[in-house]
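So you can see what is in the structure, the chains are spelled out below.
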Amino acid sequence: MRKLFPPELLARDGRFTRVTNEERFGDPRGPRGLAGGRPGKKGNNRLTPDLPEAPDAARALMHGIFVGEIQALEGAGRTCWDFETGKGREEAPFELKLDMARQCWDEARHCEISVKLSDWMGTELGEFSESAFLYEAACNPDPVLRLTGVNRALEGLAIDVFTTMKDFGDIAGDPVLEFCEDWMLADEVTHVKMGSDWLRRLTADDPERRANALEFQRVVDKLFSFGGLRGETDENPIRLARRFRELAGFSDGEIDEISNVSEEATREAASLGAEAGSEVGATA
Amino acid sequence: MAVVTVTPDEWQFVAFDSGRIAAVAEKLLGEIGLDVDLKVEVDETTPMGRVSTSSLQPLVIAVESGAFEDPKRPRQLSEQAVADVLGRLLHRCADRIDPAFGDPPPDVALTCSSRRRGTPTPSVAAPARLPRAAPAPLYHFRNRTASATWPTPLRPAVGRVRPHVGRHPGVCDETDGVEVGRVG
């Protein structure tokens, strides 16, 4: 069986439609629009059940989580296989592989939960497009960078999404959504904690490697702040789940940094949007 | 004959077609029985999907382009999405315009809890009434109360059962069936 399996060869049946990162990030409208959100409408961007588009937005978001669970399963499985067992820089300790195997078990369960939740929400599998970004972050040749990119950055994002949707289910009066999110959230906290613990253990004597890993996490965090989709204000549709991140091993400083990265992504998106808007104005 | 206007005429960021959107809207107006002119204002500068009724008289609906987008093909128009989004809002507008419906609160004052309390609420589940080529995604928080249709493994774990509050005006059969839902 080959090592370092490429994302484009991941097995999917005919129901699924892959969207490339070029399509995803090359959208001229930007992640939140040329205005970088809804200026002047503070407090109006949260995904709440009373919005007319809330059901479809919730279905789309949970389908994104579903394909993310599949890729997290594939990524954790690859980490068990791609590296020889050992304590060397290009190896993975046996205990780390055990943690990844446990994560596979969790992600497989999350896939089953997500399939049932999709059915519950009236969503067909493959109804929305799939982007392979999570698995791509799990293709890094350094296991520590995989852990920071996937377990700390993307599974950390999952903590934020699950917390947001758990609250959504509570407000909407949908206990099935609420409990599904709560159960998956508990596992995600564990996965992020694994990432935090292994990052510290594997880089205890290698500050350069740790710095590289944290920089990779920062890049992934910024990329998937989606121009301010996630943050700590009511203008951000997805809320940064500070408390659960603390439980997952993030220090206050690290959480502050993610918050700053999100704000930075918001400002950059707004700036790019203003540029694009002025170009359009000039063309018109 | 109702006149439907869609703006903008020309698209710079998405591959939408104003004529196709207008055609779907005209069909919906006929099926819903709304004989009023309609203006659909699409904000193509954002991929978000927020929608709202800007005005009832004249009838103006504001849509962010993500709401009309094909969920599998970024920036491409989906007539099904247009029908779902406009159908939902037009049913709500029809309820509001109908004098027999009473005097419901404005949209911004409508919350899930107000619906549960039995406040007269314009339709939120209307696309269920529309003929569709494919099964409709009908997620309108279908499980406000425990129902026999819950996934079996979840039932024992759920301790909250919300009381049935009676049928609300404008709620379709599917939603009402769920709200009446029996404890499994």
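All values reported here derive from a predicted model rather than from experimental measurement.

Cut-offs and rules
- Residues numbered from 1 in each chain as written.
- Chains lettered and ligands numbered in written order.
- Predicted model: local features only at pLDDT ≥ 70, side-chain atom pairs only at ≥ 80, totals over all residues.
- Heavy atoms only, no water.
- Helix = DSSP H or I, 4+ residues; strand = E, 2+ residues; numbered from the N terminus.
- Buried < 20%, exposed > 50% of the residue type's maximum accessible area, 1.4 Å probe, protein only.
- Contact = heavy atoms within 4.5 Å.
- Areas by Shrake-Rupley, 256 points an atom, 1.4 Å probe, with all protein chains shown as cover.
- Expected span 1.5 Å × (residues − 1).
- Polar contact = N/O pair within 3.5 Å; in protein donor to acceptor, adjacent residues only side chain to side chain.
- Core = buried A, V, L, I, M, F, W, Y, C linked by side-chain atoms within 4.5 Å.
- Pairing = 2+ DSSP bridges.
- Axes fitted to C-alpha atoms, helices over the stretch in contact; angles between N-to-C directions.
- pLDDT = per-residue confidence, 0-100.

**Remarks on the overall build of chain A**
For chain A, the count of helices and strands is 9 helices and 4 strands. Start at the N end of chain A and walk to the C end: the helices and strands fall as α-α-β-β-α-α-α-α-α-β-β-α-α. For chain A, the residues scored as buried account for 55% of the 284 residues in total. Contacts in chain A between residues far apart in sequence, at least 24 positions, make up 76% of those at least 6 positions apart. Entry remark: accessible area of chain A is about 12,000 Å², with carbon and sulfur atoms responsible for 56%.

**Digging into the overall build of chain B**
A count of helical and extended segments in chain B gives 4 helices and 6 strands. Traced from its N-terminal end to its C-terminal end, chain B shows the element sequence β-α-β-β-β-β-β-α-α-α. For chain B, the accessible surface area stands at approximately 8,500 Å², while carbon and sulfur atoms represent 53% of it.

**A short note on helix H6 (residues 175-202) of chain A**
In this model H6 of chain A runs 40 Å from its N-terminal to its C-terminal C-alpha over 28 residues, within 8% of the 40 Å that 1.5 Å per residue would give. Here H6 of chain A starts with a cap whose side-chain oxygen sits 3.1 Å from the backbone nitrogen of Val176 of chain A, and that cap is Asp174 of chain A.

**Observations concerning the nonpolar core**
Residue and element names in this part refer to chain A. Met62, Met165 and Phe168 are the most contacted members of the largest nonpolar core, which totals 44 residues. The set of elements that each furnish at least two residues to this core consists of helix H2 (54-82), helix H3 (94-121), helix H4 (133-137), helix H5 (143-172), H6 and helix H9 (252-283). Here this core takes 11 residues from H5, the largest share from any one element. Filtering out sequence-adjacent residues up to four positions away, Met62 remains in contact with Leu117, Met121, Phe162, Met165, Leu177 and Glu181.

**Some thoughts on the sheet that holds strand S4 (residues 59-64) of chain B**
Residues and elements named next belong to chain B. A sheet is described by the order of its strands in space; here 4 strands give the open sequence S1-S2-S4-S3, paired in mixed fashion. Each edge of the open sheet is held by one strand with a lone partner, namely strand S1 (4-7) and strand S3 (51-55). Going from strand to strand, the sheet's axes swing by 20° on average, the running direction of each strand aside. As judged from the 6 bridges shared by strand S2 (residues 38-43) and S4, these two strands associate in the parallel manner. Each residue of the ladder has a partner; that of Glu41, found in S4, is Ala62. The sheet contacts of helix H1 (residues 18-32) involve S1 and S2, and relative to S1 the element is tilted by about 145°.

**Thoughts on the confidence of the model for chain B**
Low pLDDT means the predicted coordinates in that region are not meant to be read closely. Residue and element names in this part refer to chain B. For chain B, per-residue confidence averages 72 on the pLDDT scale, and 59% of positions sit at 70 or higher. In this model residues 115-120 is a low-confidence stretch, pLDDT under 50, and it forms 21 contacts with partners more than four residues away in sequence or in other chains. Across residues 178-184, confidence stays below pLDDT 50; counting only partners more than four residues off in sequence or on other chains, it has 21 contacts. Interface confidence in the predicted complex, given as ipTM, is 0.76; pTM for the same model is 0.78.

**Examining the pairing of strand S6 (residues 73-77) of chain B**
Residues and elements named next belong to chain B. Summarising the sheet, strand S5 (residues 69-70) and S6 pair through 2 bridges and their orientation is antiparallel. Counterpart to Glu69 in the pairing with S6 is Leu77. The antiparallel pairing of S5 with S6 creates a hairpin that spans 2 residues between the two strands.

**A closer look at the side chain of Ser259 of chain A**
Turning to its location among the elements, Ser259 of chain A is positioned in helix H9. For Ser259 of chain A, the residues in contact, after removing those within four places along its chain, are Glu232, Leu240 and Arg242 of chain A.

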